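This is what each chain is made of:
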Amino acid sequence: MREDPSRPGDLIVDEGPGQIPPGALVVAPSAITADSRPLVRIAAEHRGVRWRTVSPWLATAGRLVLGAVFVVAGALKVPDPAAAVRAVRAYQLLPEPLVATVAFGMPVIEIAIGLALVVGVFVRTAAIASAVLLVVFIAAVSSAWARGLQIDCGCFGNGGQVAAGQTAYPAEIIRDVALLLVALALARWPRSRLALGRPAHHLEEYSRAY
Amino acid sequence: MPTETSRQSKRERLAARRAAEAAARERAERRRRTLLGGVIAGVVVLVVLVAVILVQMNRTATSPTAATPANTTDSVIVVGSSTAPVTVDLYEDFQCPNCKAFEAQSGSTLAQLIAAGTVQAHYHGMAFLDTSANDKYSTRALNAAAAVVANGGPSAFQSFHDLLFANQPPETGSGLTDAQLVQYANQAGATGPAVEQAIKSLKYDDWVKNATDQASKDGVTGTPTVFVDGQKLADMSAAGLSAAVSTAAAG
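Keep in mind that this is a model prediction, so the values were computed, not measured.

### With respect to the overall build of chain B
The helix and strand tally for chain B stands at seven helices and six strands. Computed over its C-alpha atoms, the radius of gyration of chain B comes to 33 Å, more than 25% above the 18 Å expected for a compact globule of 251 residues. Taken along its principal axes, the extent of the C-alpha atoms in chain B is 125 × 45 × 35 Å. Put simply, chain B has 251 residues, and 41% of those count as buried. Long-range contacts, defined here as pairs at least 24 residues apart, represent 78% of the contacts in chain B between residues at least 6 apart.

Okay, structure coming up:
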């Protein structure tokens, strides 16, 4: 079922490797046979071709932004462990015996997640883990806000101290929600360019599969 | 009776099956590698996690035999009569500008209340504004205050405390030098080689760390924080302080 298109915009049902003229619409054979309204599917597939070119680069951008934030946030907590302990304790959520372990361990987890995202290995796992952490952070900051605590989130180091009236809960929550959206998008569409764990030829295979 | 074409199509089918098998093997191999990589990465993260936790615990640990300055109770420096009806707890960092502002507007009122025997002040030092630029000034200043109270008693501490806030270095500056701290200590009435030695050697470093940690355990997340008989002071002005003390004394 291959037609020979002569004009850009003509329809090809791609049944395997072959020369595809520029501007042709490429659709999977299943789009024709499996659907009772093929033209609708064809139009959707046409948009999909362009999307499949752009989306891996968007995923790369998301990986780098989210990964860099996690690496920086983790690294800033390492030099002053006493401040990290105070920052965790300031939330008044954890029992005292757990405070130090969480304060010292959290930066390691953050840096590990961040590095995985930046380098591009285990992207989906790292994205899901970062989403889980961000949900925890959002919940913790919201609860501090709700309880009327006067603290800094300690997200990027600092010991949680803040001068009276200097809290920034809304900004902290908005930032974390934005990062959470990036993390969820990466968990859903983890394929990206410039990733160590997903060489580019996988992507080409992926697009050719259609 | 196989013809030429049927033999050829058989060969093609065989080739196709081999290709499919090879692809399946490659997929399985890739899955195996991913799994192995995941396990190795997980183990590495776990080992680093445990190592970092241990190192940081070691870094924050204070010696159980750490020097504790005389004339202090736990991490508190007490100034004023033990029979005073009202207790005022103050959490301050010598590098904190808001503390300087509080001392400037309400310090003399507090001093009068202490002198009148109405208030016993409990000074809880905190040192969380150390930077490399100020050469850990928060810690050095609180350590010096400990040296002063240990050698000169509460009244020398009170003078030293007021002197340090009056002469507080800018927050982004380089902090007072040890020599300047010794000079203020002498001026406050704590003199002698023991004071100078304690200031220069950071003798009470661990005490300072413990005091800062204790403040955090007390739920204090900012300075200055003031409690009047356990009630957090909201109005930090001189009038606000007097009013809160009067209420507490009456209650």
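### Side note on the interface of chain A and chain B
Residue-level contacts link 25 residues of chain A with 23 residues of chain B. With both chains or domains summed, chain A and chain B bury close to 2000 Å², and 68% of this area falls on carbon and sulfur atoms. In this assembly, chain A and chain B are joined by one salt bridge. When the shortest N-O distance is used, the salt bridge between A:Arg89 and B:Asp213 registers 3.1 Å. Linking chain A with chain B are six residue pairs in polar contact (both at pLDDT 80 or more), by the criterion used here. Every element with two or more residues in the side of chain A that touches chain B is listed here: helix 3 (81–90) and helix 4 (96–119) of chain A. In terms of residues, the side of chain A that touches chain B owes the most to one element, helix 4 of chain A, which gives eight residues. By residue class, the composition of the side of chain A that touches chain B is 15 nonpolar, seven polar and three charged.

### A short note on empty space enclosed by the protein
Residue and element names in this part refer to chain B. A complete count under the given rule lists two cavities of 30 Å³ or more for this structure. Roughly 70 Å³ of internal volume is contained in the largest cavity. The wall of the largest cavity is formed by Ile77, Leu90, Glu92, Asp93, Phe94, Tyr123, His124, Gly125, Leu142, Phe157, His161 and Phe165. Every element with two or more residues in the lining of the largest cavity is listed here: strand 3 (86–92), strand 4 (119–125) and helix 3 (137–166). Broken down by element, the residue count for the lining of the largest cavity peaks at four residues, all from helix 3. Classifying every residue of the lining of the largest cavity by side-chain character gives seven nonpolar, three polar and two charged.

### Details of the pairing of strand 3 of chain B
Side-chain direction in a regular strand flips from residue to residue, so the side chains alternate between the two faces of the sheet. All names here are of chain B. Counting buried positions along strand 3 gives six out of seven residues, so the element sits mostly inside the fold. Sheet topology places strand 3 next to strand 4; seven bridges connect them, and they run parallel. Looking at the pairing, Val88 lines up with Ala121 of strand 4. In this region the chain leaves strand 3, passes through helix 2 (residues 97–115) and returns to the parallel neighbour strand 4; the handedness of that crossover is right-handed.

### Describing the confidence of the model for chain A
Residue and element names in this part refer to chain A. Of all residues in chain A, 69% have pLDDT values of 70 or greater, and the mean over the chain is 81. Taken element by element, the predicted model of chain A shows its lowest mean pLDDT in helix 7 (residues 200–208) (45) and its highest in helix 4 (97). Per-residue pLDDT stays below 50 along residues 1–10; that stretch engages in 20 contacts with residues further than four places along the chain or on separate chains. When the criterion is pLDDT under 50, residues 199–210 qualifies, and its contacts beyond four places in sequence or with other chains add up to 17 contacts.

### Some remarks on the packing of aromatic side chains
Residues and elements named next belong to chain B. Taken as a whole and judged by the stated rule, the model has four aromatic pairs over all chains. Between Tyr91 and Phe227 the ring centres are 5.9 Å apart and the planes differ by 80°, which places this aromatic pair in the edge-to-face class. Here Tyr91 is found in strand 3, whereas its partner Phe227 is found in strand 5 (residues 225–228), with 136 residues between them in sequence. The exposure classification of Tyr91 matches that of Phe227, with both residues buried. Relative to Phe157, the ring of Tyr123 has its centre 5.2 Å away and its plane inclined at 65°; by these criteria the two rings are edge-to-face.

Calculation rules
- Residues numbered from 1 in each chain as written.
- Chains lettered and ligands numbered in written order.
- Predicted model: local features only at pLDDT ≥ 70, side-chain atom pairs only at ≥ 80, totals over all residues.
- Heavy atoms only, no water.
- Helix = DSSP H or I, 4+ residues; strand = E, 2+ residues; numbered from the N terminus.
- Rg over C-alpha atoms; globule rule 2.2 N^0.38 Å.
- Buried < 20%, exposed > 50% of the residue type's maximum accessible area, 1.4 Å probe, protein only.
- Contact = heavy atoms within 4.5 Å.
- Buried area = accessible area lost by both parts, 1.4 Å probe.
- Salt bridge = Lys/Arg side-chain N within 4 Å of Asp/Glu carboxyl O.
- Polar contact = N/O pair within 3.5 Å; in protein donor to acceptor, adjacent residues only side chain to side chain.
- Nonpolar A, V, L, I, M, F, W, Y, C, P; charged D, E, K, R; others polar.
- 1 Å grid on protein atoms, 1.4 Å probe; cavity = no way out; pocket = protein on both sides within 12 Å on 5 of 7 lines; lining within 4 Å.
- Points joined across faces, edges and corners; volume = space filled by probe spheres on them.
- Pairing = 2+ DSSP bridges.
- Right-handed = clockwise from strand over helix to strand, strands pointing away.
- pLDDT = per-residue confidence, 0-100.
- Phe/Tyr/Trp six-rings, centres within 6.5 Å; stacked < 30°, edge-to-face > 60°.

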